[in-house]
Amino acid sequence: MRPPPSSQLPPSSEAIDTPIPESPPSVPPTSTLRGIPGSPGVAFGPAMIIGDTRAAYTRRHISAAHVDAELARVAKAVGEAQAGLREVSRRMASGSTPDQSAILDAYIAMLTDPMLHERVERKIRSERKCAEWAVAATSHEIVSLFRQNTTEHDAYVTERRHDIEFVCDRLLRALMGEPSTLVPQLDRPTVIIARDLSPADTAGMVKEPVIAIVTEVGTRTSHTAIMARALEIPAVVGTVDALHSIRGGDIVIVDGLRGEVIVNPSPAVLDAARMRAARHLAFGRRLLVSRHERSVTSCGEPISLKANVELPAEAILALDHGAEGIGLYRTEFLYIDRISQPDEQEQYELYSAVVEAVSPRSVTLRTFDIGGDKYANSFQLPNETNPALGLRAVRLALSQPDVFLTQLRAMVRASAHGHLRIMIPMIASIDELRDVRNLLNRAIREVKEEGLPCADHIPLGMMIEVPSAALMADVFAREAEFFSLGTNDLIQYTLAIDRTNRLLAPLASAFHPAIVRMIQSCTLAAKRNDIPISMCGAMASDPLAAVLSVGLGLRDLSMEAAAIPEIKETMRRVSLAECEAIAEAALLCDSADAVEDLVAKRFAPRLYDLLSGEGGDLDIFV
Ligand code: PEP
Ligand code: MG
């Protein structure tokens, strides 16, 4: 479970007080959908379906008599899409740069582009396709034309392709009566139902009264789930058929503890959910009471608990949850929801604000990890067959040294404000680490030559999240100044399981013996070379997996802020000797189930309340 939000947290904390609209006269049937617990908590309210327009548009043939009406629908949709973009432009006006406004103007103009309209009209008149189908097919056609005539690395053409897709998407949304942004402005607490949400969509929810999220795709370690946990919004991800089973306005219970979505519940089921939500919140509040106490095992061994942060505002939230620093600052979120990349000054101001807010505790800034499932509009990524194995993270950074140097310089300048470490994602070979070191040295040299202040020493460390790095940890430990185990990706790449694939999620186990062995060999390599090692993957925030990790040698865990009080409580209830004994036994197991059973049998009885997320005193609210 995750503790409850405090008074400063987003509106999701009000879930249990949400007024439920009266039921319609004919009571719709109740159904229960199963998914994966993405973010803990229980909330309920009216559903809003957020469409994946390109996947879900209508394909209907029309009769000759309807051609003019379909063309009129397109014309109306153009007007609405343009009005929507003008509204975005108006809302952005104060904060936008000239190039952002120019891009919006270009989109508004493209909506009346003759080539686009000629093709759409032909599809409606001659092929008798409905307007949605005609627009989607035209988008596909133009994008394919661009693809045929260019290489994937032609940045200009890739950009134009995205423009066409964007403009057609707006048009489709207008035709389908959907709001023009994925997460619209909401006027009441709402449960968002979507096929998938990009990190930008989820980040955009900060300002909206979103009380829960349900997605069809994703797993606990995919980015929608990570963001939902960061924002403390209950979420169920990987929910089969959510879009088909839930209609806009349906009352939905989202149980992020059990991974269950109940559609149109009966009053009795709603009452039970209300009670579960209350127990979860009350239990979390109890855990929060001791959040600022030292984090130690029952025998007094200190276990440092730090926070993973995606958004700058979370730094304060992290301290409020008892974090001893920021163990992972995912800087890619700076790049996602925008058209142009952040410049050095903007990054510097942001990083130094975070470093100052957390000082004297340390902040580990990870250089941007873009690519894979982390798509950023401000980067033109090639169209790859296997993006998770493609131009991602440090590879992308080294392929764009100017962009990377800008980020490193901003980090170097921010180091003057407190204790800052720089961490590189997805290192797979020593050359990458050396190339980054050279670039960092250049950034430091330049900053100093310009007379700007920076720290005397900035530790440069690496994520261990690629099997080659784990296998060669002893070699990397001679040059990296610290390690952090990124188990989300380490599991993905070691077990060859896409971290976003809900069907394979049960196989992507942190208890797999291969993962257990890798963690142990990395902690040993770090120890022998006298460098710090931590864990920042989601494994650190699972009570049983955290116990095993401590047994395998970790003393430093970083996780979503909300999980810290729970893991602190977990640590208080176990001794180091017990953790080490279980790790030793786990290293002899031959399967993930065997390891998990072993750890659960030993520790689940005493961690039951933490694992269920509802506390031990189940009758306190009855
Ligand atoms: C990881 O892979 O475990 C990790 C912490 O990085 P991310 O989830 O951002 O890929
Ligand atoms: Mg990772």
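Note that the coordinates shown come from a computational prediction; the quantities given were computed from them, not determined experimentally.

Chemist: Sorry, what's going on with the site of ligand 1 here?
Modeler: Contacts to ligand 1 come from 17 residues, most closely from Arg330, Arg366, Lys374, Asn488 and Arg499. Within the side chain of Glu465, one N or O atom sits 3.0 Å away from an oxygen atom of ligand 1. Here an oxygen atom of ligand 1 and a side-chain polar atom of Arg499 are 2.8 Å apart. For ligand 1, whose free accessible area comes to 290 Å², the fraction covered by protein is 100%. When contributions to the shell around ligand 1 are tallied by element, the ones reaching two or more residues are helix 8 (223-231), strand 10 (325-330) and helix 19 (487-495). If one sorts the elements of the shell around ligand 1 by residue count, helix 19 sits on top with 3 residues. A per-class count over the shell around ligand 1 returns 4 nonpolar, 5 polar and 8 charged.

Chemist: Explain the coordination of the magnesium ion (ligand 2) to me, please; I cannot follow it from the model alone.
Modeler: Bound to the magnesium ion (ligand 2) on the protein side are Glu465 (OE) and Asp489 (OD), at distances that span 2.0 to 2.1 Å. Here the residue Glu465 occupies a position in the loop between strand 13 (460-464) and helix 17 (467-471), and Asp489 occupies one in helix 19, the gap between them amounting to 24 residues. Of the two residues, Glu465 and Asp489, neither departs from the other in class, the shared state being buried.

Chemist: Explain the nonpolar core to me, please; I cannot follow it from the model alone.
Modeler: The tendency in soluble globular proteins is for nonpolar side chains to be buried as a group. Core analysis: the largest hydrophobic core is formed by 108 residues, its most contacted members being Phe483, Leu548 and Leu557. If we skip the residues at most four places from it in the chain, Leu548 touches Phe511, Val516, Ile582, Ala583, Ala586, Val595 and Val599. Core analysis: the next-biggest nonpolar cluster, separate from the first, contains 31 residues, Tyr107, Val135, Val143 and Cys168 among them.

Chemist: Mind showing me how you'd approach the layout of surface pockets here?
Modeler: A probe matching the size of a water molecule, rolled over the atoms, marks out where space remains unfilled. Approximately 1000 Å³ is the volume attributed to the second largest pocket. Along the wall of the second largest pocket there are 40 residues; nearest its centre are Ile36, Pro37, Arg220, Asp542 and Glu596. Put simply, the parts of the chain that give the lining of the second largest pocket at least two residues each are strand 2 (36-39), helix 19, helix 21 (543-551) and helix 24 (592-612). Element by element, the count of residues in the lining of the second largest pocket is highest for helix 24, at 6 residues. Among the residues forming the lining of the second largest pocket, the class breakdown is 20 nonpolar, 11 polar and 9 charged.

Chemist: Help me understand the environment of Ile427 in this model?
Modeler: Assignment of secondary structure puts Ile427 in the loop between strand 12 (420-424) and helix 16 (430-449). Judged by its relative accessible area of 0%, Ile427 is buried. For the pair Ile427 and Glu465, spaced 38 residues apart in sequence, the C-alpha separation works out to 7.7 Å. Those residues in contact with Ile427 that sit more than four places away from it in its chain are Val394, Glu432, Leu433, Met462, Met463, Val466, Ala469 and Phe476.

Chemist: Sorry, what's going on with unusual backbone geometry here?
Modeler: Of all residues except glycine, most have a negative phi; of all peptide bonds, most are trans. Following Ser359, the chain continues to Pro360 via a peptide bond in cis, the omega torsion being 10°. Within the secondary structure layout, Pro360 lies in the loop between helix 13 (344-358) and strand 11 (362-366). Within the chain, Glu232 stands out as a residue other than glycine whose phi angle is a positive 55°. Checked against the element boundaries, Glu232 lands in the loop between helix 8 and strand 6 (235-237). Of note in the backbone geometry, Met426 takes a positive phi value of approximately 60° without being a glycine. Note that Met426 resides in the loop between strand 12 and helix 16.

Chemist: I tried to follow the sheet that holds strand 2 on my own but got confused; where do I start?
Modeler: Strand pairing within a sheet occurs via backbone hydrogen bonds; the two strands may be parallel or antiparallel. Reading across from one edge, 1-8-7-3-4-5-6-2 is the order of the 8 strands in this open sheet, with mixed pairing throughout. Both edges of this open sheet fall to strand 1 (31-34) and strand 2, since each of them pairs with a single strand only. Here the strands of the sheet are splayed against their neighbours by 30° on average, with no regard to which way each runs. Pairing between strand 3 (residues 42-50) and strand 7 (residues 251-255): 5 bridges, direction antiparallel. Bridge pairing links Val42 to Asp255 in strand 7. Across the sheet, helix 8 touches strand 2, strand 5 (210-215) and strand 6, and the angle it forms with strand 2 is around 50°.

Chemist: Just to check I follow, could you spell out the pairing of strand 5 for this structure?
Modeler: Side-chain direction in a regular strand flips from residue to residue, so the side chains alternate between the two faces of the sheet. A large share of strand 5 lies buried, amounting to 6 of its 6 residues. Examined bridge by bridge, strand 4 (residues 190-194) and strand 5 share 5 bridges and lie parallel to one another. For Thr190, the partnering residue across the bridge sits in strand 5 and is Val210.

Chemist: Would you mind showing me how to read the environment of Leu552 here?
Modeler: Assignment of secondary structure puts Leu552 in the loop between helix 21 and strand 16 (556-560). Its relative accessible area of 4% is what places Leu552 among the buried residues. Here the alpha-carbon distance between Leu552 and Ile582, two residues 30 residues apart in the chain, equals 9.0 Å. Ignoring sequence-local partners within four residues, the contact set of Leu552 consists of Val516, Ile519, Gln520, Thr523, Ala583 and Leu587.

Chemist: How should I be thinking about the packing of aromatic side chains in this particular structure?
Modeler: By convention here, two paired aromatic rings are described through the distance between centres and the angle between planes. Under the criterion given, the structure shown has 3 aromatic pairs. Taking 6.0 Å as the distance between ring centres and 70° as the angle between the ring planes, the aromatic pair formed by Phe368 and Phe404 counts as edge-to-face. Of this pair, Phe368 sits in the loop between strand 11 and helix 14 (393-399) while Phe404 sits in helix 15 (residues 401-414), and the two are 36 residues apart along the sequence. Each member of the pair Phe368 and Phe404 is classed as buried. These aromatic residues form a ring-pair network of at least three members: Tyr335, Phe368 and Phe404. The ring of Phe482 is capped by Arg421, whose NZ or CZ atom sits 3.6 Å from the centre of that ring.

Chemist: What is the right way to read the side chain of Thr331 from this model?
Modeler: Checked against the element boundaries, Thr331 lands in the loop between strand 10 and helix 12 (333-336). Overall, the relative accessible area of 1% leaves Thr331 in the buried class. Among the polar contacts listed, one links the side chain of Thr331 to the backbone oxygen of Arg366, at a separation of 2.6 Å. At a separation of 2.9 Å, a polar atom in the side chain of Thr331 contacts the side chain of Gln407.

Chemist: Looking at this structure, how should I read the pattern of salt bridges?
Modeler: Opposite charge on two side chains allows them to pair when their charged atoms are near. Counted according to the given criterion, the structure contains 38 salt bridges. Salt-bridge contacts for Arg409 lead to Glu344; the nearest nitrogen and oxygen are separated by 2.6 Å. Placement of Arg409 in helix 15 and of Glu344 in helix 13 is noted, with a sequence separation of 65 residues between them. Residue class for Arg409 comes out buried when judged on its relative accessible area of 9%. With a shortest N-O distance of 2.9 Å, Arg392 and Asp369 are connected by a salt bridge. Separated by 23 residues along the polypeptide, Arg392 in the loop between strand 11 and helix 14 and Asp369 in the loop between strand 11 and helix 14 bring together distant segments of the chain. Take Arg392 and Asp369: they sit in the same class, and that class is buried. Salt bridges linked by common partners bring Glu332, Arg366, Asp369, Arg392, Asp489 and Arg499 together as one network.

Conventions adopted
- Residues numbered from 1 in each chain as written.
- Chains lettered and ligands numbered in written order.
- Predicted model: local features only at pLDDT ≥ 70, side-chain atom pairs only at ≥ 80, totals over all residues.
- Heavy atoms only, no water.
- Near = heavy atom within 4 Å.
- Polar contact = N/O pair within 3.5 Å; in protein donor to acceptor, adjacent residues only side chain to side chain.
- Areas by Shrake-Rupley, 256 points an atom, 1.4 Å probe, with all protein chains shown as cover.
- Helix = DSSP H or I, 4+ residues; strand = E, 2+ residues; numbered from the N terminus.
- Nonpolar A, V, L, I, M, F, W, Y, C, P; charged D, E, K, R; others polar.
- Donors = N, O, S within 2.8 Å, 3.2 Å for Na, K, Ca; no water.
- Buried < 20%, exposed > 50% of the residue type's maximum accessible area, 1.4 Å probe, protein only.
- Core = buried A, V, L, I, M, F, W, Y, C linked by side-chain atoms within 4.5 Å.
- Contact = heavy atoms within 4.5 Å.
- 1 Å grid on protein atoms, 1.4 Å probe; cavity = no way out; pocket = protein on both sides within 12 Å on 5 of 7 lines; lining within 4 Å.
- Points joined across faces, edges and corners; volume = space filled by probe spheres on them.
- Pairing = 2+ DSSP bridges.
- Axes fitted to C-alpha atoms, helices over the stretch in contact; angles between N-to-C directions.
- Phe/Tyr/Trp six-rings, centres within 6.5 Å; stacked < 30°, edge-to-face > 60°.
- Lys NZ or Arg CZ within 6 Å of the ring centre and 35° of its normal.
- Salt bridge = Lys/Arg side-chain N within 4 Å of Asp/Glu carboxyl O.

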